[in-house]
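Structural overview for review
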Amino acid sequence: WREGAAKKEIIDFVSRVCREDSADFVPVPERIAVFDNDGTLWSEKPFYFQGLFVFERLNRLLDQHPEWKKDQPFRAAIEKDLKTLDGLAPKALLELAIATHGGMTSEEFDAIAEEWLDRARHPQTGRPFTEMVFQPMLELLAYLRDNRFKTFIVSGGGIEFVRTFSERVYGIPPEQVVGSSVVTRYEVIDGKPTLSRSSEMNFFDDNDGKPVGIQQHIGRRPIAAFGNSDGDLPMMEWVMAGEGARLSVIVHHDDAEREFAYDRNSVSGRLNRGLDESSERGITVVSMKNDWERVYPE
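Residues numbered from 1 in each chain as written. Predicted model: local features only at pLDDT ≥ 70, side-chain atom pairs only at ≥ 80, totals over all residues. Heavy atoms only, no water.

Let's shift gears to the overall build of the chain. Scanning the chain from terminus to terminus reveals 13 helices and 8 strands. Computed over its C-alpha atoms, the radius of gyration of the chain comes to 19 Å, within 12% of the 19 Å expected for a compact globule of 298 residues. In the chain, which comprises 298 residues, the proportion classed as buried is 53%. Across the chain, contacts joining residues at least 24 apart in sequence account for 66% of those joining residues at least 6 apart. If you sum the accessible surface of the chain, you get close to 13700 Å²; carbon and sulfur atoms cover 46% of it. One way to put it: in the chain the 37 positive side-chain charges average out to a point 1 Å from where the 51 negative ones average out. (Helix = DSSP H or I, 4+ residues; strand = E, 2+ residues; numbered from the N terminus. Rg over C-alpha atoms; globule rule 2.2 N^0.38 Å. Buried < 20%, exposed > 50% of the residue type's maximum accessible area, 1.4 Å probe, protein only. Contact = heavy atoms within 4.5 Å. Areas by Shrake-Rupley, 256 points an atom, 1.4 Å probe, with all protein chains shown as cover. Lys, Arg positive; Asp, Glu negative; His and termini not counted. Charge placed at Lys NZ, Arg CZ, Asp CG, Glu CD.)

Here's what the structure looks like:
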């Protein structure tokens, strides 16, 4: 992080809620911080990383579903037509994920996702996707945990997908991940207890779903929230509506040289209301270009 107003505001907030002699002191059990994942903890361009995983799954399952070649959004995904998909996201990606992530056990899905993450590379940088994480956010996570915060991911992405890498990449254990999910059923197959993933939507953890997911999985209102798009605003509104000291931070992607520059006109990761309303809502906007000394880990 570069020295500046954004870094100072974060440090001042943590200091106020952690000092026992402070009027804003927050007991340790209530020190909860929530983080969006795509675009907040790692990059999300040229397309959501889980979306690129879906593309591969579609092609592997294509023989079983020849109808996908002519039906949208499947055809666009098979052809890797990012322009069309970007105009359909996030509901299109959700439909694709449901179709390709079900029909298997939880263990089978985890193995497939982990194998892809180990093998796949970002189409522009050539880095593994798990190296497309933001160094300043890794440092922020560590800083909060050093001050006895409990850090959670609250993502529109698939909960099981994010759980496959959250602990080794972010230091966030799987039980502290909230995300979208398919219906999962308990079955006994050949005498073995099994959790089977269906091709049926259970919960969509984006926009208004984020505060609901927080309540269902965490059960406490966080005191800090971090995001990058308008889809994170309901989560921030929920956090800022609580009593006492509160912090909400938006990561603004304004660095085309070191990462990507996009905001108002981007369908995936759109940041429009967040820029217009951040000041009146007390939300801190972090400029990737000006506030970060480094973007990715070396």
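Having put the structure on the table, let's press on.
Moving on: the pattern of salt bridges. Evaluated as defined, the whole model comprises 20 salt bridges. Two residues, Asp24 and Arg16, come together in a salt bridge whose shortest N-O distance is 2.7 Å. Classification of Asp24 by relative accessible area gives partly exposed; the value is 26%. Taking the relative accessible area as the measure of exposure, Arg16 reaches 32% and is therefore partly exposed. Here Arg163 and Glu160 are joined by a salt bridge, their closest N and O atoms 3.6 Å apart. (Salt bridge = Lys/Arg side-chain N within 4 Å of Asp/Glu carboxyl O.)

This part takes up the packing of helix H11 (residues 233–240) against helix H12 (residues 273–281). As a packed pair, H11 and H12 sit with axes 12 Å apart at the nearest point and diverge in direction by 5°. By the angle between their axes, H11 is roughly parallel relative to H12. Residues Leu233, Glu237 and Met240 of H11 touch H12, and the partners they reach there are Arg273, Gly274 and Arg281. (Axes fitted to C-alpha atoms, helices over the stretch in contact; angles between N-to-C directions. Parallel < 35°, antiparallel > 145°, perpendicular 65-115°, else oblique.)

The amide bond that connects Lys45 to the next residue, Pro46, takes the cis arrangement and shows omega of 10°. By the element assignment, Pro46 lies in the loop between strand S1 (32–35) and helix H2 (49–61). Pro73 follows Gln72 through a cis peptide bond whose omega is 5°. Summarising the element assignment, Pro73 is placed in the loop between H2 and helix H3 (74–78). In this structure, Asp190 takes a positive phi of about 55° despite not being glycine. Within the element layout of this structure, Asp190 appears in the loop between strand S4 (177–189) and strand S5 (192–203). Of note, the phi angle at Asn207 is positive, near 50°, even though the residue is not glycine.

So, about a nonpolar patch on the surface. Residues Tyr186, Val188 and Leu195 make up a contiguous nonpolar surface patch of about 320 Å² in total accessible area. In this fold, Val188 is placed in strand S4. Taking relative accessible area as the criterion, Val188 reaches 52% and is therefore assigned exposed. (Patch = residues over 30% accessible without salt bridge, like charges linked within 9 Å, V, L, I, M, F, W, Y side chains within 5 Å.)

A separate point is the pairing of strand S6 (residues 224–227). On S6, burial covers both faces: Ala224 and Phe226 on one face and Ala225 and Gly227 on the other are all buried. Looking at chain direction, S1 and S6 are connected through 3 bridges and run parallel. Within the sheet, the bridge partner assigned to Ala33 lies in S6 and is Ala224. Between the parallel elements S6 and strand S7 (residues 247–252), the chain passes through H11 in a crossover that is right-handed. (Pairing = 2+ DSSP bridges. Right-handed = clockwise from strand over helix to strand, strands pointing away.)

Take the packing of aromatic side chains next. Tallied over the entire structure, the rule returns 17 aromatic pairs. Residues Trp42 and Phe49 carry aromatic rings whose centres are separated by 4.8 Å and whose planes lie at 65° to one another, so their mutual orientation is edge-to-face. In this structure, Trp42 and Phe49 share a single accessibility class: buried. Of the aromatic side chains, those joined through ring pairs into one cluster are Trp42, Phe49, Phe53, Phe109, Trp116, Phe129, Phe161, Phe165 and Tyr170. Just above the ring of Tyr262 sits the side chain of Lys45; from NZ or CZ to the centre is 4.5 Å. (Phe/Tyr/Trp six-rings, centres within 6.5 Å; stacked < 30°, edge-to-face > 60°. Lys NZ or Arg CZ within 6 Å of the ring centre and 35° of its normal.)

Everything listed here is a matter of geometry and, on its own, says nothing about what the molecule does.
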